[in-house]
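Listed below, chain by chain, are the residues.
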Amino acid sequence: MTYISQPASVGLIMGKVLLALGLGIAAHVAYFGPAILVSLTLASLTALLCEALMLRLRGYAIAPFLKDGSALVTAWLLALSLPPLAPWWLVVGGTAFAIVVAKHLYGGLGSNLFNPAMAGYALLLVSFPAHMTQWPAVDMLAQVHLSLPDTVVYLFTGHLPAGVTLDAITMATPLDLLKTQLKLGHTVNEITRAPVYGHVGGRGSELVALAWLAGGLFLLQQRVITWHVPVAMLTGLFAAALWFHVYDPDRYVAPWFHLATGGAMLGAFFIATDPVTGPTTPLGKLIFGAAIGLLVYLIRTFGGYPDGVAFAVLIMNMAAPLIDTYTQPRVVGHGPQKSGKP
Amino acid sequence: MRELYGFPGGVHPPEHKTESSGRPIAPAPLPARLVVPLMQHIGNPAKPVVQPGQRVLKGELIGKADGYISASVHAPTSGRVLAVEPHPVPHPSGLPALCVVIEADGEERWVDKTPIEYLDRDPSEVRNRLRDMGLAGLGGAVFPTHVKLNPAPEPNIPLLVLNGCECEPWITCDDRLMQERAPSIVAGARIMRHLLGAREVIVAIEDNKPEAIAAMGEACRDTDFELVVVPTLYPSGSGKQLTQLLTGREVPSGGRSTDVGVQIFNVGTAHALDRAVHHGEPLISRVVTVTGNVRRPQNFEAPIGMPLAELVALAGSPREDTTGYIMGGPMMGFDLHTDRVPVVKAMNCVIARSHRLFPPAPPALPCIRCTRCAQVCPVRLQPQDLYWFARARDFGKAQEHYLFDCIECGCCAYVCPSHIPLVDYYRFAKSEIWAREREKKAADRARERHEFRLQRLEREKKERAEKLAQKAAASKATAAMPTPDADAKRAAIQAAIERARARQAGVEPRNVDDLPPDKLKEIQEIEARRAKLREAMQNPPENTP
């Protein structure tokens, strides 16, 4: 019997994940306004309510499971993936689907096959594509700045203050713009001269990505996650992008642009690292991460959607058990081994 | 400096060594009554050789080793045998076992102590003597020492390792022993080396015991023993992990460290060996760490058979909030069900438990597959998968995922953020598999017996049928025979009938032909009397009164 245990708990792990997201959220608010705070709150409340409801229905003790914080992590990751100016019902519906269907109907904490946040995101993306593009313009480019009360009014009623149009507060995302402009026959070089682009990725959003990276490094330092998935995913994405970029820099944007835009950083450190839905073996994690990186690139470059983190993660979630089966590490005392001192 | 190879995983829990390591080993006073279990080692229990009421001397044999893998048991002091009866013993099952209860007379009179001349004796004879001295591994596994000192089938074991790692938290008995009795340990190691034919001897000590390292270094100075300081990382003291750490060689699955040419002994065993060989003293006491929720944690040299309650009292009675006792360390130890159990050879440490020192684990949450367990597993297992299979009672899958390579060190359970008692699940799965295998064997035997029976019945039926057929054929043949034979048969039948009739008439077959004439005469007289009586009974006299 083991009488002692490390002072670790699921709640502590999830708490650290939430803490690590803090810096990115702050950057988000700084560059894109307070809308994200509203959707985060909305998603959190929905998630906790759905979690409690499902636990009750399933006959589980509510308090210890609510305290584990896993529902909040799902809620935050989904809210951070959604456009902050998406209407309230989108956030509530997506979160409810994530918690009720993707998590609890698959067996709850530890048993779900798909990443709940990404399942919710994918559902919304295919069901309500128009609402999923309402990304706020970055602060320095926005013609109008919505105050927090105005934002809340807009999110719940769809009414903007007099004289403000939706176009004035939203804009195409860097990935979106790139995709549409490439189709029109422009070169990468011409397109990225547009004001939405910053030094590496999107203006403002590249700094949010940097904040996700910082949060991810914190998680690594705290040993909440291992390096395998983020490194493999970012490497996979980078390598694929580099390959095509070298082949034709006019049609294929630079690899660092891919790392700095869209859901790459958030996905690599916070989403693909979900232990429940990923493989468990070290080699399996590398394969899983690299495949996600590759899929993200393929979807972004050749697929119908501007970003592909959600679909790439969901596809690889399905493959996780198979990857585990074929990547079992060699157990000590079995099979060939390096010989020690004779 | 020897290159260390390391082993996968491992954890470093809070050490809690200083509580008990600061005080010297104190001899425990003699208890009034000692309860000495006959099963204190791996293998067959010793056979009791004393009777209630018998007087025994200190060190006298009271239980004889039974078979090769067994060890003898001796009286820890002089006195009188009160009983040979089942008594609670320190075992996870909590079941009582056969013990010899001795009432001490306080005189401590020894048997004749005969040291063992091991240098010029046949090693096999020396090993038998060691078995009779009751030597077993004092690190906690209590495997009979003489078995481990037999290098066969190899001509010798190249590397002898003295294990002074003591990697479990709280335990300090080896630490103190090395500090205080280093020369004796080295003397014991010399004997081991001689018997094994080892070329190299390594003394391995974790780097959190500087005093022990200094003392052992001093004692090893005039030898070619190599003192290796290993990093403090649980479970470095586990045989297979220590082998890998020192040699880089992995012990093959299901094998022992001797398979890669390494034999490992606990330092306490070396000390006991020295006492047995050089001083002729059987194993009747050991050093026990008493720590945890007691007032003065300390190491005691306690006689085997001393009641736990008395031992714990020596460390200043346990505090009021004590909830029980752990035998061994907090990683691999187990609960003692009562403080009436005696000190045994396996008892390296007793920890008084309290909720303050060992808070009960919060209720287990589901596994989130975080793989912290896999990261600390020294065997590179996937504990999260094994847990899943054990829970699902998918024991075949668990075995395919190397369940039986698990050393039950507890690292996985220690780091689990969901507080799942993982090792309990593995033990459960193992015992289920063992039970099933036993059942399967029994069922196989029963089936074999059943099939054999069916075969036999079938064979007998066939044989009977054949016989009948033969008979039928024979009788048919007889019926078709010519008359003379039939006449002969009829005559034979007639003769048989006559014989029967004669028998009925009282003519017994004559088995009296060889008797001497006087006996014959006597018999004839008896026969005559009988005939008269018979006649009288057939024609009873008319007017009998």
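Residues numbered from 1 in each chain as written. Chains lettered and ligands numbered in written order. Predicted model: local features only at pLDDT ≥ 70, side-chain atom pairs only at ≥ 80, totals over all residues.

Caption draft 1: Expanded view of the overall build of chain B. Along chain B, the regular secondary structure elements total 15 helices and 17 strands. A compact globule built from 545 residues would reach a C-alpha radius of gyration of about 24 Å, whereas chain B, at 37 Å, exceeds it by more than 25%. Taking the principal axes of the C-alpha coordinates as reference, chain B spans close to 115 × 60 × 55 Å. Here chain B, with 545 residues, has 46% of them falling under the buried criterion. In chain B, 72% of the contacts between residues at least 6 apart in sequence involve partners at least 24 apart. (Helix = DSSP H or I, 4+ residues; strand = E, 2+ residues; numbered from the N terminus. Rg over C-alpha atoms; globule rule 2.2 N^0.38 Å. Buried ≥ 20, exposed ≤ 12 C-beta atoms within 10 Å, placed from the backbone. Contact = placed C-beta atoms within 7 Å.)

Caption draft 2: Inspection of the packing of helix 4 (residues 70-81) of chain A against helix 6 (residues 116-127) of chain A at higher detail. All names here are of chain A. Contact geometry of helix 4 with helix 6 gives a least axis separation of 8 Å together with a crossing angle of 35°. For helix 4 against helix 6, the interelement crossing comes out right-handed. In this structure, helix 4 contributes T74, L77, L78 and S81 to the contact, and helix 6 contributes P116, A117, G120 and Y121. When grouped by side-chain class, the residues that make up the contact of helix 4 with helix 6 number five nonpolar, three polar and no charged. (Axes fitted to C-alpha atoms, helices over the stretch in contact; angles between N-to-C directions. Left-handed = near helix turned anticlockwise from the far one by under 90°. Nonpolar A, V, L, I, M, F, W, Y, C, P; charged D, E, K, R; others polar.)

Caption draft 3: The sheet that holds strand 2 (residues 33-37) of chain B, seen in detail. All names here are of chain B. What the four strands build is an open sheet, ordered 2-8-7-4; its pairing is antiparallel. Across the chains shown, the open sheet's two edge strands, defined by having one partner strand only, are strand 2 and strand 4 (55-56). Both strand 7 (residues 79-88) and strand 8 (residues 96-104) contribute to a ladder of nine bridges, which runs antiparallel. Bridge pairing in strand 8 places P88 opposite P96. (Pairing = 2+ DSSP bridges.)

Caption draft 4: Examining the environment of T301 of chain A more closely. Residues and elements named next belong to chain A. Within the secondary structure, T301 is located in helix 15 (residues 282-302). Along the backbone, T301 and L12 are 289 residues apart, and their C-alpha atoms lie at a distance of 38 Å. Look past the residues within four positions of T301 in its chain and what remains in contact with it is F244 and Y252.

So, to be careful, I would describe these as geometric facts and stop short of saying anything about function.
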